[in-house]
Amino acid sequence: MEEDAGLVPYKDGMVEDETDKLEDPEFEMNCGPLVTENAIAPEQPCPRKEGGTDAKKMKPETLATDRLQASQLHRSLELLDQAFEEKELFLQKTREELCACRQRMDLLSKQQATVAEEVTRERTTSNMAAVGRLQATSRRLCLELEDERDLQARIMAVLQENESAMWHLEIKKGQLEDIRKSSCQRTEARDLCLRAHVAQQLCREEEASGRAERNRRLQIRKSLHMQRELGLKHQKLVEDAQKNHWVAVKFLKASLGRVRERERKQELESREHLQRRMEAVLALKNSITANRETLRKFQAWGRARKEQEGQQVQVEQQEVLAQGRDAFKHLFHQRRRQELEAQRRAFEEQQQLRKQEIVSRILQEGTKEGNCRKRQQPPAKATTPRMLRDRTWSYITAFCEGKAYPTATRHSPASEAAVQPMSLLMLTTSSESMQNVPRLASLEEETLAEPEILGLWSEEHRQYQVPKEDVDRKPVGETKMDKDILARMLARLRSGVVHKQVASGREFKGRPFNSKPERIHFKDFDVGKVYKKKITLINATYTINYCKLVGVEQHLRDFIRVDFDPPGPLSAGMSCEVLVTFKPMINQDLEGSISFLAQTGGFSVPLKCSTKKCSLSLDKELISFGSYMVGKTTSRTITLTNAGGLGTRFRFLPASKACKLDESQSALKPSSLYTYEDRSLYEGAVYDVSETLLEASTSSPLDTQSQKESEKSKEPEGVPAAGVMVTSPSEAQAQITLGEVTEGEIGPFSSIRVPVVFTPAVPGEVHAQFQVESKNPQCPTPVGLPVSCAELICPHQLYFRATGVAVDVPLWVPKPIVDLKICMYDRLYQDSVLVHTRSKVALRLRFEVCKELRGHLELLPETGYIQALASCSVQLKFLPRQSLPEDAGEYFDKDTRVLEAPMTIWVADQVSVASSQGIGLLHKAQSAQGWMGGGRLSRCSPEGRSKALEPHRSSGGLCLRGQDWECGLPHAQTKPVGFTVHAIVTTSDLELCPSALDFGYCTIYEAIRASISLCNHSLLPQEFGFVGLPKFVDIQPNDGFGTILPLETLQLQVLFQPTKAREYSFELVCKSKINRCFKLSCHAVGVHPPLELSHYQIKFAATALYDTSVALLYVTNSHLTMSPLPRVVPSGGPCPGGPTSFEFLPPKDAPITISPLVGTVLPGKRCLVRVAFQPTLPHKLVSQEALQTLSKESEAKPLQKDVATQRKDVRVQDQLGQAPTLQKQELEARADEYQAAQATLARTFQGRFDKFMVPCAVASGDVKDKRELEPLSFSPHNMLYLELWCPAVAPAVVVTSDRGKTVIDFGHIAVGHHSIKKVSLQNICLEDLAVDFSVLNPQGPFFLVNTPSRLRAGETRVLALSFSPHESVLAQERLEVVTKRGALPLTLLGTGVASLITCSLDGDVLDMGYVLARESISMGFKLQNDSLLPIKFSVQLDSLSGSRAPTQKELPQFLTTQPQRTDIVGTQNHSGQSVFSVTPVTGIMDPGRAQDFTVTFSPDHESLYFSDRLQVVLFEKKVSHQIQLKGAAREHMMFVEGGDPLDVPVESLTMIPASDTEHREEAEELKPVLLTLNYIQLNTDQPAPPAARELRVGCIRTTQPSLKKTVEFGLDGIAWLQHKGFSIEPSRGSVDRGQTKTISVSWAPPADFDPDQPLMVSTLLQLRGDVKESYKVIFVAHVVTAL
């Protein structure tokens, strides 16, 4: 049976080898020897026929050669069957292929016939293109049909060959049919033998199971007995538990009763407390009601009392009025007396309280002194202290009885110092006492300045001698510390009124209440009247505030009364009202403020009271009469306004007269006029000029005598005027005079108009200045101040000027300068000149142009009449010629191009005569009606022009002398009137630069842009336009039309896009608005390139930073010929044909990616090109931002105190400053700062627009063909250009977490684990965005946990990402957050790290060796963490695993048919404890560290099959290592191992240790040891090596004390064994503790050995240690023939 099992692998191997041979085509040639061997095989006797049915007799009779031939025959049959099946399958597939080939041939024949019909049809229609295409299709079908025919022939040949091979196989199969039948019979015989063996094995197993059943029943009886004992113990425990439960229940009931009683008492107490509170609330409510009633009664009594007092006041007023006195004054004095009486009573009460306080302090001091005297010995003379005490008490008694007591005349400084703090404290007690500080201080000086004890301040009084014990003790309140404490307490009490107000973390600072109006102003008051104003105080703080009236200033208390009812707490924004009453008693300006106190500090409202004043002003300072004829009269009015409430007397005077005031306004002396307060008032008024100009302060009333003295004393010199006066001559002053009203009275708030008359007498310009004086006795000029300051304080002097021009000619031109602005050459410009006359008669006029400009300028008409007091207009025509600069001479400036042409108007009928007195008399001519010649005078001929008049001076005046006019004008002498014509003459030329354009070569698929400049040499803007442009030319901007400014140069773009490949020569015409033409000649050559682009301009959408926009275009080869020879295009140049290559040349550092950059396009084909635009921030800009951030962070760090460290930092900074490249390298190394700076700049990015022009070079030929040869020649004429518009914008969605980094690095994560990171996304645009995400790899390690669908404007959402690596790999993916504004790319990085654990054991087995039962042994091993992560581990044993329970229910493994032992968990301890234990069980291994493990083997009985499996589990998921634990235990210290296994690995249940240890050695049986030696016989002549085996004898190391420390062993019958061919070394020996010794056994067959029969011998092995053991060693030897 074992031999058959051993043949199975060999058989399988042979089958595989033969199968490989069958696949060889030469199989038929190699099958010959097998057939001959199989033919001889039937001659051998069959084991079934010779032997019978017994399997045991069949084995020795079968020869080795028969078995070998049978196996070879069986293999040959199987190979033959397999070859037959393969040939049959191959034939079937070949036939199917032949059938498919024939079907394709039929289909091609049909298609060929169809194409032939279509060719015939198209030829009839003369469609040659279709005929060519169909003929090509027909040729292709013919080729395919021929290929199919060849394939059919090859398939048929293969089919015939395989059919012949199939026939040969069938023949061979028939020849071996008999051999197949014999093989089947032998197989059936072998099956019978196996069934018999199985039956015997089943019987043995049934016997073993019977023994196991008996043992099980014995164990059941023992377990029942143990259960009864356990039941009795359990019943006893239950009874004890019930007793304890009853005791606990009783105790619990008592405890619960006490708790409930306590809760009941607490509830009663709470009810009583609640009842008392309710009663208190009711009592409080009743008390409040009663108090309200009482308050109502008191309020009613108060109102009734007030009404009664009011009635009494009215009665008293009526009585006083009836007596003829002032009722208001009477009431005022009465109220004043009442207030003084109340103040006196309050003061007396305070004095009484202070006296009592002083008395109490004196008593306390006396008590202290008495205590001190009791502690010390009395002095020799005790009369003095007693006298002092008697005097003190006598003073107190007299004071209490109200008697007068004499006071001392002397005052001590110490007493005054003591009195002053008390007086100050009294001054701060109430607001009423504050109003009477002077009086209170005077009373205090009268009372408290005297000694309270008679003789206390006397110098003759001997001072009290302080005892030595009390010398260092200072009296209370006299030390410096006490004074400081008192001062601090007073400051704290004063400051306690004001509190800081903090709301929402902000402290309020500023004015707590705002006043409306901001200032209280009583204006223009009268003494004796009462004025009232109401103001509103608004709470301007953050929260509730309080307001309290402090009072008004001291000097205003007699005139101002404030009525303010404190409103209580005011919320923010709430207001309260204050009534201010003002009753003036003196006619004087008053200023001050009303003080209030709020919770956050004090504030005040300014108050001002101003008397009535006069404020004079003029409505104008200059009166301009203009020009008037001599002898005429005109007038203007000037208005004097009094804006004050006081009237005054005024007077208008010429400024040439001295400014003298009346006696009432003369200068006064300071000794008799003003007090110090008045002088300070005037000084304040000087600095407040803006207020004093409207309101002048008045002085206090003076007595009559001083006033008369001041009137008599006048200053000899007048007060000079504040401004500069222009003094005109008396003649000019007489021409401008004042009207009838020059002085008078002006009332308050009124105005007066005064006329000013202008009567010109002498030609020329006239100036006059006048002065307005006011006589206000209430506004005197103070002495001691400068005159300018006096005028500012009391502006009673005003000045104004009057101007006019007197002319003697009645004719004038309103526009003496005719400005024609800017004029161009050869252009006509016209204007009209208006002429006016003041004459009352008609005048004859002649208009004359200077001789130099008569060819360019003309006045029409040249002669005419102007009616009396009328006007006429003359037409001016200006046509500048190109010769104007030469003709005009001095009238034209060639540098500035300015023309100044003088024009003359001659008056023929007027004579100017000047009298000796300066008054001109005008000669009036007779008036004429209308123009000469019917009211209109036409232009005279050159012959009719008048001759020039020559003026001359006669005795009587100025006359004109001339000759007669030829146009019929009367003879007269006149004075000319001139005017000037101004013009700037400029050219109208436009200049084009360059004058000619050469565009060069341009393809028909693109346009060439050329820049030209258009310069305007004119000083005027001109409109221009390019007209008559050809279709292939375009001019921008505005299509070549526009307006060019003066002297401006415009840059224009000329776009040339040829439509055909030819030469172009044309002109561009630029025409101005005045129809001037300017030409530009152009030349270009059109080229047809072999390649073309589908798009020559790509406009990318607005792309966010680091987002990508992609555009696709095609490069097309429109040529159809495959010939590489060039062909001639219409432009004259060669154009390549055939395959054409291209190469894009993008700009350097541009955010453009083009793929492919280089390629080849075949004729008629196209190539797809992908253009990607990804805007980024410049690396230099990001580096600078990161460097600035780093520098700010370094500056923010605190300075180190260590000097050495500071020096080191200085050196580092110097190095950084000297080598900026090192900073850049460090910055690049620190990618975190770079990414943070990049995110910061992206958020503040304002957008960018770039244009890129990418050239595409074109060359003939294929890139692949010439890659290794010479490079391709690219033609510059065939260059194509691709224009890219790239707008970049700021991203709509940004990352706000982790300093804005878009690279999410998960770091190193263990395989099988996951990590989650959160990314914050913020929408920084102004609209809501719908959010979508790109798809991640479903098989990848990254996973999107949440997907927000919408982001509102300004909203921030958190995105969770997970990384779960499945293998050790560096993973990277790109996640895009897609919105309609663009996409935000997120780069996901993570490294999956495998948990690499290495074990120090060489294999997976840890053999603990032999150990004595009930002892233990420990062994260790190490696990090394070679990964980059800390690893959490746990150690598990399979014997303790819960998954082992199902396997224990199965049959033992020795009952199964498995040839090897596969059990993992072997024999265990009988005690239930694990035989193996490991420490530590759990823990964490750091990266690169090793963990030591200790395995302890502790058996409790003898067995050779202790085993278990140790599993190292990582992260509670992955099993890293599985280590097989093995061990053996013996009852004694010796053991023998080696040999073949003779028992099962499962421990028998019948092996129960014997209870009698004394007779155990006698009852012990021999233990068998089987050694099988297989001697391999070689086919060669060389001798084979002997077969060898080993036995090991060992001695177990133990801690038990024993006499025997070694084990001796010995083998019997060595000579006999040597005779059988065995060699044993050593046969005897000894083994120390913990050591083993090997016994080597070798065997070589002797000469008389029969190789067909195995050799079996046995011997006895004896071991002597603590006991004696005997082993029967059985040697079985075989001879095996080598293959």
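Preceding this paragraph is the structure being described.
Attention here is on the structure that accompanies the text. Counting restarts for each chain: residues are numbered from 1 in the order of the written sequence. Reporting of local features is limited, given that this is a predicted model, to residues whose pLDDT is at least 70; pairs of side-chain atoms are given and counted only at 80 or more, and all residues count toward the totals for whole chains, interfaces and linings. Based on all heavy atoms of the structure, the side-chain values leave hydrogens and waters out of the count.

1. Describing the overall build of the protein
A tally of regular secondary structure across the protein gives 28 helices and 82 strands. The classification of residues rests on relative accessible area computed with a 1.4 Å probe and restricted to protein chains. Under 20% of the type maximum is buried, over 50% is exposed, and intermediate values are partly exposed. Counting across all 1683 residues of the protein, residues that qualify as buried make up 34%. Note on contacts: a residue pair qualifies if any of its non-hydrogen atoms lie within 4.5 Å across the two residues. A separation of at least 24 residues holds for 74% of the contacts in the protein among residues at least 6 apart in sequence. We get accessible surface area from the Shrake-Rupley algorithm with a probe of 1.4 Å; when it comes to residues, only the shown protein chains can shield them. On the protein, roughly 104000 Å² of surface is accessible, and the fraction owed to carbon and sulfur atoms is 54%. We count a stretch as a helix when DSSP gives it H or I for four or more residues in a row; a strand needs E for two or more, and each element gets its number in order from the N terminus.

2. So, the packing of aromatic side chains
A pair of aromatic rings is counted whenever rings of Phe, Tyr or Trp (Trp by its six-membered ring) have centres within 6.5 Å, and the orientation is called stacked for planes under 30 degrees apart, edge-to-face for over 60 and tilted otherwise. Going through the model one piece at a time under the given rule, you end up with 35 aromatic pairs. On the basis of an interplanar angle of 85° and a centroid distance of 6.5 Å, the ring pair of Tyr628 and Phe758 is categorised as edge-to-face. Residue Tyr628 is found in strand S12 (residues 622-629), and its partner Phe758 is found in strand S17 (residues 750-758); the two are separated by 130 residues along the sequence. When the ring of Phe1306 is compared with that of Phe1363, the centres are 5.5 Å apart and the planes differ by 35°; the resulting orientation is tilted. Of this pair, Phe1306 sits in strand S56 (residues 1303-1310) while Phe1363 sits in strand S62 (residues 1356-1363); the two residues are 57 residues apart in sequence, bridging distant segments of the chain.

3. Topic: unusual backbone geometry
Here Leu860 and Pro861 are connected by a cis peptide whose omega angle stands at -10°. Counting through the fold element by element, Pro861 comes out in the loop between strand S24 (857-860) and strand S25 (863-866). Here Thr1479 and Pro1480 are connected by a cis peptide whose omega angle stands at -5°. Position of Pro1480 among the secondary structure elements: in the loop between strand S69 (1476-1479) and strand S70 (1482-1485). A positive phi angle, close to 50°, is found at Leu869, a residue other than glycine.

4. A short note on the sheet that holds strand S41 (residues 1063-1072)
For two strands to be treated as a pair, DSSP must find at least two bridges joining them. Strand order in the open sheet formed by five strands is S35-S42-S41-S37-S39, with mixed pairing between adjacent strands. Lying at the two open borders of the sheet, with one neighbouring strand each, are strand S35 (996-1003) and strand S39 (1041-1044). Geometrically, the sheet is characterised by an average inter-axis angle of 25° between neighbouring strands, direction not taken into account. Of the strand pairs in this sheet, S41 and strand S42 (residues 1077-1087) are connected by nine bridges, and their pairing is antiparallel. Considered in S42, the bridge of Lys1071 is made with Cys1077. Here an angle of 0 to 180 degrees is reported between the N-to-C directions of two axes, which are lines fitted to C-alpha atoms, with helices fitted over the stretch in contact.

5. A few points about the packing of helix H6 (residues 64-124) against helix H7 (residues 128-175)
As a packed pair, H6 and H7 sit with axes 8 Å apart at the nearest point and diverge in direction by 160°. Overall, the two elements H6 and H7 adopt an arrangement that is roughly antiparallel. In this structure, H6 crosses over H7, and the sense of that crossing is left-handed. In these notes the angle categories are as follows: under 35 degrees is roughly parallel, over 145 is roughly antiparallel, 65 to 115 is roughly perpendicular, and the rest is oblique. Each helix crossing is assigned a hand: it is left-handed if the near helix lies turned anticlockwise from the far helix by less than a right angle, otherwise right-handed if that turn is clockwise.

6. Let's talk about a negative patch on the surface
Taken together, the side chains of Glu85, Glu86, Glu88 and Glu170 make up a negatively charged region of the molecular surface. With three residues, H6 is the single largest residue contributor to the negative patch. Mapped onto the elements, Glu170 comes out in helix H7. The partly exposed category is assigned to Glu170, whose relative accessible area is 41%. Each patch is built from residues lacking any salt bridge and having more than 30% relative accessible area; the joining distance is 9 Å for like charges and 5 Å for nonpolar side chains (Val, Leu, Ile, Met, Phe, Trp, Tyr). Throughout this description, the term salt bridge denotes a Lys or Arg side-chain nitrogen within 4 Å of a carboxyl oxygen of Asp or Glu. His is not counted, nor are the chain ends, whereas Lys and Arg count as positive and Asp and Glu as negative. Positions of charges follow a simple convention, taking NZ of Lys, CZ of Arg, CG of Asp or CD of Glu.

7. Some words on the nonpolar core
Among the nonpolar cores identified, the biggest contains 39 residues, and Val1115, Phe1142, Phe1144, Ile1152, Val1171, Leu1282 and Leu1284 are the most heavily contacted of them. Counting residues per element, this core draws most heavily on strand S54 (residues 1280-1289), which supplies five residues. Look past the residues within four positions of Ile1152 in its chain and what remains in contact with it is Val1171, Ala1172, Phe1173, Phe1252, Leu1284 and Cys1286. We call a set of buried Ala, Val, Leu, Ile, Met, Phe, Trp, Tyr and Cys residues a nonpolar core when their side-chain atoms join them within 4.5 Å. By size, the runner-up hydrophobic cluster in this structure holds 37 residues, among which are Val841, Cys850, Phe878 and Val907.

8. A word on a nonpolar patch on the surface
Residues Phe328, Phe332, Val530, Met585 and Ile586 make up a contiguous nonpolar surface patch of roughly 410 Å² in combined accessible area. Residue placement: Phe332 occurs in helix H9 (residues 327-375).

9. Quick look at the sheet that holds strand S46 (residues 1109-1117)
Strand order in the open sheet formed by four strands is S43-S46-S52-S50, with antiparallel pairing between adjacent strands. Looking at the sheet topology across the chains shown, the edges are occupied by strand S43 (1091-1093) and strand S50 (1152-1155). Shown here is a sheet whose adjacent strand axes are inclined to one another by a mean of 25°, direction ignored. With eight bridges joining them, S46 and strand S52 (residues 1166-1173) adopt antiparallel strand pairing. From the neighbouring strand, Val1110 faces S52, where its bridge partner is Ala1172.

10. A word on the environment of Lys1432
Within the secondary structure layout, Lys1432 lies in strand S68 (residues 1431-1437). Residue Lys1432 is classed as partly exposed on the basis of its relative accessible area of 42%. Separated by 53 residues in the primary sequence, Lys1432 and Met1485 have C-alpha atoms spaced 6.4 Å apart. Setting aside chain neighbours within four positions, we find Lys1432 in contact with Gly1483, Ile1484, Val1513, Leu1514, Phe1515 and Glu1516.

11. Let's talk about the pattern of salt bridges
Counted according to the given criterion, the structure contains 38 salt bridges. For Arg140, the salt bridge identified is with Glu144, shortest N-O distance 3.0 Å. With a gap of four residues between them, Arg140 and Glu144 both fall in helix H7, about one helical turn apart. As a salt-bridge pair, Arg296 and Glu293 come within 2.8 Å of each other at their nearest N and O atoms. You can see Arg296 and its partner Glu293 sitting in helix H8 (residues 177-323), three residues apart, about one turn around the helix. On the accessibility criterion, Arg296 (46% relative accessible area) is partly exposed. Here the salt bridges do not stand alone but share partners, grouping Glu341, Arg344, Arg345 and Glu348 into one network.

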